[in-house]
Amino acid sequence: MKNITRIIAFSLLSISIMFSSCNPKLSEKDLEEKAAKIHQSILTIDTHNDTPMRLTRSDFNMAERHDARKDRSKMDFPRMQEGGLDGAFFAVFIGQGPRNPEGNTKAYDRAIKIFKAIHETAEKHPDLVGIATSPDDAYRLEKDNKIAMFIGIENGYPVGNDIGNLKEFYDLGARYITLCHSQNNDICDSSTDKNGADHGGFSDFGIEVVKEMNRLGIMVDISHASDESFFDAIKYSTAPIIASHSSSRELCDHPRNLNDEMLLALAENEGVIQICILSSYIKKDEPNPEKDSAMAILMEKFNKLTDTDTIERDILRKEWGQIRAKYPSKLANVQDAVDHIDHIVNLIGIDHVGIGTDFDGGGGIDGCFDASEMGNITLELVKRGYSKKEIEKIWSGNIMRVLQKVEEHAKSLAT
Ligand SMILES: [Zn+2]
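Calculation notes
- Residues numbered from 1 in each chain as written.
- Predicted model: local features only at pLDDT ≥ 70, side-chain atom pairs only at ≥ 80, totals over all residues.
- Heavy atoms only, no water.
- Helix = DSSP H or I, 4+ residues; strand = E, 2+ residues; numbered from the N terminus.
- Rg over C-alpha atoms; globule rule 2.2 N^0.38 Å.
- Buried < 20%, exposed > 50% of the residue type's maximum accessible area, 1.4 Å probe, protein only.
- Lys, Arg positive; Asp, Glu negative; His and termini not counted.
- Charge placed at Lys NZ, Arg CZ, Asp CG, Glu CD.
- Salt bridge = Lys/Arg side-chain N within 4 Å of Asp/Glu carboxyl O.
- Donors = N, O, S within 2.8 Å, 3.2 Å for Na, K, Ca; no water.
- Arc of directions from axis to C-beta.
- Domains from an automatic or database assignment.
- Contact = heavy atoms within 4.5 Å.
- Buried area = accessible area lost by both parts, 1.4 Å probe.
- Axes fitted to C-alpha atoms, helices over the stretch in contact; angles between N-to-C directions.
- Parallel < 35°, antiparallel > 145°, perpendicular 65-115°, else oblique.
- Nonpolar A, V, L, I, M, F, W, Y, C, P; charged D, E, K, R; others polar.

**Points about the overall build of the chain**
Next up, step 1: A tally of regular secondary structure across the chain gives 17 helices and nine strands.
Next up, step 2: Expected size for 415 residues packed as a compact globule is a radius of gyration near 22 Å; at 22 Å, the chain falls within 12% of this value.
Next up, step 3: By principal-axis analysis of the C-alpha atoms, the chain measures approximately 85 × 50 × 50 Å.
Next up, step 4: Across the 415 residues in the chain, those meeting the buried criterion constitute 54%.
Next up, step 5: Treating the 50 positive side-chain charges of the chain as one cloud and the 67 negative ones as another, the clouds have centres 4 Å apart.

As structure tokens, this is what we get:
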């Protein structure tokens, strides 16, 4: 009899726990309303897009709405407003080319041209946007109902062998540098260089670069860097570091993602990982060697392009579309992406995760295919029980904290 009473009591307790954790009072509509309200009231920052590649083209107008399915553009100001996206880091992206004086000069010139295009875009639309270089700027612009345009550099290649270039990039507004891209450079090794490592992490010059970034107040971004380079960044940076667009390797085994050991080191460093919503970093593609080799050949051609190769660039874009059409793959979805956030939060807490879309650089998943659909991530977070305070940390609080810290650290080095 005693046992039966215990079983009944236990069952009742289980049922009550089940009901309280399901939040039965909120309907789908309630959840949507709650999510929309949270999304509107917080600062939302995406830490990585490659849209500036389009800004250097005279026919692309950021103030016009584009169609992601038609012309593959994922980001413009109208869609950012629609998606409640208050700001983003616009990347000065330079594909890796030859590591010699001529290559370095070309990379530097290209970087300056992209910086110019970003500033000109901001100057053209002062009613819509403003350049941001600090958390204060972002919060002020949000208050004024304007989009914050932060700038990051994707690939340290344009630094060349001249450490002095970093100050110039800082003055032009760069607040992070992704140390390398898909191949090794003179700073460090990449996670995806098919020839393997050159330096075993950082080069001696790379150590100097990171020191100078710390001195100036530029965030060290280890997305694209090899595991050894990641641990060198942890070792040599005296300020917290970031991964501006990378996801969890535990959930999706890709060298571009961070494994749990790296995530634990990142938390100790007080840094942040910004989940990259590029489908193959979220969910593993079905193996397709034919597609992979076609894409690799195409990427090599892309990397060799110079500024004046606009016709060739358009041809390659078309080829890209043809390859994707020939080998269609199912995109990861918002639930899959939020699984990465869950995993990271469970492992290292709520203070070290954010979002970096990689729009116009391959990013875009089912349900969050372009900037107009950012609210769906918030909705999924609400459905999983994240509080407003936690969602605010994911959408901007964490990355703004790191930027602030890096800024203060630079100031402390100057005194
Ligand atoms: Zn990238």
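Having seen the model, we can carry on.
**Digging into the pattern of salt bridges**
Next up, step 1: Counted by the stated rule, this structure contains 23 salt bridges.
Next up, step 2: The salt bridge partner of Glu-82 is Arg-65, with a shortest N-O separation of 2.8 Å. With Glu-82 in helix 5 (residues 77-82) and Arg-65 in the loop between helix 3 (52-55) and helix 4 (68-71), the pair connects residues that are 17 residues apart, well separated along the chain.
Next up, step 3: Its salt-bridge partner being Lys-405, residue Glu-270 comes within 2.7 Å of it at the nearest N-O pair. With Glu-270 in the loop between helix 11 (260-268) and strand 8 (272-276) and Lys-405 in helix 17 (residues 388-414), the pair connects residues that are 135 residues apart, well separated along the chain.

**Points about the coordination of the zinc ion**
For a metal with four tetrahedral donors the ideal donor-metal-donor angle is 109.5 degrees, whereas six octahedral donors ideally subtend 90 or 180 degrees.
Next up, step 1: Taken together, Glu-154 (OE), His-224 (NE2) and His-245 (NE2) make up the protein donors of the zinc ion, found 2.0 to 2.2 Å from the metal.
Next up, step 2: Every donor residue of the zinc ion comes from the same chain, spaced as E-x69-H-x20-H. Of this pair, Glu-154 sits in strand 4 (residues 147-154) while His-224 sits in the loop between strand 6 (219-221) and helix 10 (227-236), placing them 70 residues apart in sequence.
Next up, step 3: The class of His-224 is buried, set by a relative accessible area of 7%.

**A closer look at helix 10**
Next up, step 1: The set of residues buried in helix 10 consists of Ser-229, Phe-230, Asp-232 and Ala-233. Angular distribution of buried residues about the axis of helix 10 spans 165 degrees; they occupy a single face of the element.

**Digging into the domain arrangement of the chain**
Note: interface size is frequently given as the accessible area lost on complex formation between the parts.
Next up, step 1: Per the domain assignment, the segments making up the chain are domain 1 (28-283 + 332-414) and domain 2 (290-329).
Next up, step 2: Distance from the C-alpha centre of domain 1 to the C-alpha centre of domain 2: 23 Å.
Next up, step 3: Taken together, the contact between domain 1 and domain 2 spans eleven residues of the former and eight residues of the latter.
Next up, step 4: Both faces combined, the contact of domain 1 with domain 2 buries some 890 Å², and carbon together with sulfur accounts for 39% of it.
Next up, step 5: At the boundary of domain 1 and domain 2, one finds one salt bridge.
Next up, step 6: The closest approach of N and O atoms between Glu-300 and Lys-194, which form a salt bridge, is 2.8 Å.
Next up, step 7: With three residues, the top contributor of residues to the side of domain 1 that touches domain 2 is helix 6 (residues 101-124).

**Details of the packing of helix 13 (residues 289-304) against helix 14 (residues 310-326)**
Next up, step 1: Contact pair helix 13 / helix 14: the axes reach a minimum separation of 11 Å and the direction vectors enclose 170 degrees. Regarding the angle of helix 13 to helix 14, the classification is roughly antiparallel. The segment helix 13 lies against helix 14, with Lys-291, Ala-294, Met-295, Leu-298, Met-299, Lys-301 and Phe-302 engaging Arg-313, Leu-316, Arg-317, Glu-319, Trp-320, Ile-323 and Arg-324.
Next up, step 2: Looking at the contact of helix 13 with helix 14 residue by residue, the class counts come to eight nonpolar, no polar and six charged.

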